[in-house]
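Now for the letters of each chain:
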Amino acid sequence: MAAIEVQGLRKVYGDVAAVDGIDLTIDEGEVVALLGPNGAGKTTTVEILEGYRAPDGGTVSVLGHDPQTGGRAFRERIGIVLQEAGFEDSFTPRELLRLHAGYYPHPRPVDEVIALTGLEEKADARVRALSGGQRRRLDLALGIIGDPDLLFLDEPTTGFDPSARRRAWELVERLRDLGATILLTTHYLDEAEHLADRVVVIDHGRVVAQGTPDELASAAGGATIISFRLPAGLTALDLPDLGLERRTAGSVIEVRTETPTADVATLAAWALERGLELEALTLARPSLEDVYLDLVGEQAQVEMVPS
Ligand SMILES: Nc1ncnc2c1ncn2[C@@H]1O[C@H](COP(=O)(O)OP(=O)(O)OP(=O)(O)O)[C@@H](O)[C@H]1O
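These numbers were taken from a predicted model, which means no experiment stands behind them.

Description of the site of the ligand
Moving on, step 1. Taken together, Tyr13, Val16, Ala18, Gly36, Asn38, Gly39, Ala40, Gly41, Lys42, Thr43 and Thr44 make up the full set of residues adjacent to the ligand.
Moving on, step 2. Looking at the shell around the ligand, the elements with two or more residues in it are strand 2 (16-27) and helix 1 (42-50).
Moving on, step 3. Broken down by element, the shell around the ligand gets its largest block of residues, three residues, from helix 1.
Moving on, step 4. Here the residues of the shell around the ligand are counted per class, giving four nonpolar, six polar and one charged.

Quick look at the structure:
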């Protein structure tokens, strides 16, 4: 059975269609990542699914309920980790978890949640003494204390250090193994690639692509990415003609090509002729990030240009 079933979802603010006809089905036990540039409509969509905003059109069923009218029976089965939850900072994580456990019929044991989220050392410290990353872990802990069937994670690892991030990923994987359905939004493509069974890309309030990370990457058309660091003192203009398309990120050059063998030979001959060593030279198939930037990159860049 589908955990989430959405058809023709619309939400309009004045002249802006924040959500402009989204269809989305998420099966029980699936981990789905919602991706999209700032303002794409992710938060609006997720908040409608959570019951915090009313749609202007379309049908929504979450765990068999209409989120607007599902009431307590619905709330008890979902867990929500918002981007910025405020909590009473004179409490300790253990106290807050006990308090929240009381709202649910079958909560997880508080100690188990503390261990799952790696908060053992700070379980009895005042919340105000926690670092930003530790507070995010507390957000996660509060999101899973009710042992939800469906968990909404809004940018769950923003502000985490790399090891906290790994632990959060392991936690999501464990929850998935325990059968939870998870809908997460993230701006980290590697996070989506790592965690999600399926990725849904939203732009301008519509679904512009969806599939497993592998499916999306192969939709890029079998191209290969040649990547290397531009030798010191040279510019991209000094390079030979290569590939179909070139992207520069700092001193790293990425060339998309459908003839990698010939292009690598051209590049190697060019470098050898000049006695250059090409640092960080790699060949790879397009990552989810490449595909994502192809789908929404241009609009995202336009949005960043001040008018
Ligand atoms: N309460 C509101 N009133 C008016 N406009 C809104 C409101 N909430 C969102 N919007 C607009 O709707 C559009 C979608 O916003 P939304 O927050 O859903 O995007 P998002 O994909 O979550 O972005 P981000 O990645 O920045 O969190 C944006 O143009 C935003 O300005």
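Quick look at the domain arrangement of the chain
Moving on, step 1. Its domain assignment divides the chain into domain 1 (2-217) and domain 2 (223-284).
Moving on, step 2. The centre of domain 1, based on its C-alpha atoms, is set 40 Å off from the matching centre of domain 2.

A word on the confidence of the model for the chain
Moving on, step 1. Within the chain, residue pLDDT values average 89, and 95% of them lie at 70 or more.
Moving on, step 2. Throughout residues 299-307 the model reports pLDDT below 50, and contacts reaching past four residues in sequence, or to other chains, amount to four contacts.

Focus: the packing of helix 5 (residues 132-144) against helix 6 (residues 162-177)
Two numbers describe a pair of packed helices, the interaxial angle and the distance between the axes.
Moving on, step 1. Relative to each other, helix 5 and helix 6 sit at 10°, their axes nearing to 11 Å. Here helix 5 lies roughly parallel to helix 6, going by the angle between them. Residues Gly133, Arg137, Leu140 and Ile144 of helix 5 form the contact with helix 6, whose own contacting residues are Ala164, Ala168, Leu171 and Leu175.
Moving on, step 2. For the contact of helix 5 with helix 6, a count of residues per class yields six nonpolar, one polar and one charged.

Things to note about the pairing of strand 1 (residues 2-13)
Moving on, step 1. Two strands pair when backbone bridges link them, and strand 1 and strand 2 are joined in this way by nine bridges, in the antiparallel orientation. Bridging across to strand 2, glutamate 5 finds its partner in threonine 25.
Moving on, step 2. Between strand 1 and strand 2, which pair antiparallel one after the other, the connecting turn spans two residues, and glycine 14 there sits at a positive phi close to 55°.
Moving on, step 3. Here five bridges tie strand 1 to strand 4 (residues 57-62), and the two strands are oriented antiparallel to one another. From the neighbouring strand, isoleucine 4 faces strand 4, where its bridge partner is valine 62.

A few points about the sheet that holds strand 12 (residues 252-257)
Moving on, step 1. Reading across the sheet, the four strands line up as 11-12-10-13 and stay open at both edges, with antiparallel pairing between neighbours. Every other strand in the sheet has two partners, leaving strand 11 (245-249) and strand 13 (282-284) as the edge strands with one partner each. Averaged over neighbouring strand pairs, the angle between their axes works out to 20° when direction is ignored.
Moving on, step 2. When strand 10 (residues 224-229) meets strand 12, the two strands line up antiparallel, connected through six bridges. Within strand 12, the residue paired with serine 227 across the bridge is glutamate 254.
Moving on, step 3. Packing of helix 9 (residues 260-273) onto the sheet brings it into contact with strand 10, strand 12 and strand 13, and relative to strand 10 it is tilted by some 15°.

Side note on the packing of helix 3 (residues 93-101) against helix 5
Moving on, step 1. Running from N to C, helix 3 and helix 5 cross one another at 20°; their axes reach a closest spacing of 9 Å. Here helix 5 runs roughly parallel to helix 3, going by the angle between their axes. With respect to the hand of their crossing, helix 3 and helix 5 are arranged in right-handed fashion. Along the contact surface, helix 3 presents Pro93, Leu96, Leu97 and His100, while helix 5 presents Leu138, Ala141 and Leu142.
Moving on, step 2. Classifying every residue of the contact of helix 3 with helix 5 gives six nonpolar, one polar and no charged.

Focus: the nonpolar core
Side chains of nonpolar character tend, in soluble globular proteins, to be buried together.
Moving on, step 1. With 61 residues, the main nonpolar core has Ala33, Ala141, Ile182, Leu183 and Val199 as its most contacted residues.
Moving on, step 2. Once you skip the residues sitting within four places of it in the chain, alanine 141 turns out to touch Pro93, Leu97, Val113, Ile114, Thr117 and Leu119.
Moving on, step 3. Ranked by size, the runner-up nonpolar core spans seven residues in total, among them Phe228, Ile253, Val255 and Leu267.

What to know about the pairing of strand 9 (residues 206-211)
Moving on, step 1. When strand 8 (residues 198-203) meets strand 9, the two strands line up antiparallel, connected through five bridges. Paired with valine 201 across the strands is alanine 209, a residue of strand 9.
Moving on, step 2. Two successive antiparallel strands, strand 8 and strand 9, enclose a turn made up of two residues, where histidine 204 displays a positive phi of approximately 50°.

Side note on the sheet that holds strand 2
Moving on, step 1. Taken in spatial order, the three strands line up as 2-1-4 in an open sheet, and their pairing is antiparallel. Among the strands making up the open sheet, the edge pair consists of strand 2 and strand 4. Neighbour-to-neighbour, the strand axes of this sheet turn through a mean angle of 15°, independent of strand direction.

What to know about unusual backbone geometry
Moving on, step 1. With a phi close to 50°, leucine 63 is a non-glycine residue in the positive phi region.
Moving on, step 2. Looking at the secondary structure, you find leucine 63 in the loop between strand 4 and helix 2 (71-75).
Moving on, step 3. Unlike most non-glycine residues, histidine 204 shows phi in positive territory, near 50°.
Moving on, step 4. Structurally, the position occupied by histidine 204 is in the loop between strand 8 and strand 9.

Digging into helix 5
Moving on, step 1. Taking 1.5 Å of rise per residue, 13 residues should cover 18 Å, and helix 5 covers 19 Å from first to last C-alpha, within 8% of that figure.
Moving on, step 2. Buried residues dominate helix 5, accounting for 11 of its 13 residues.

Rules of the game
Residues numbered from 1 in each chain as written. Predicted model: local features only at pLDDT ≥ 70, side-chain atom pairs only at ≥ 80, totals over all residues. Near = placed C-beta within 6 Å. Helix = DSSP H or I, 4+ residues; strand = E, 2+ residues; numbered from the N terminus. Nonpolar A, V, L, I, M, F, W, Y, C, P; charged D, E, K, R; others polar. Domains from an automatic or database assignment. pLDDT = per-residue confidence, 0-100. Contact = placed C-beta atoms within 7 Å. Axes fitted to C-alpha atoms, helices over the stretch in contact; angles between N-to-C directions. Parallel < 35°, antiparallel > 145°, perpendicular 65-115°, else oblique. Pairing = 2+ DSSP bridges. Left-handed = near helix turned anticlockwise from the far one by under 90°. Core = buried A, V, L, I, M, F, W, Y, C linked by C-beta atoms within 7 Å. Buried ≥ 20, exposed ≤ 12 C-beta atoms within 10 Å, placed from the backbone. Expected span 1.5 Å × (residues − 1).

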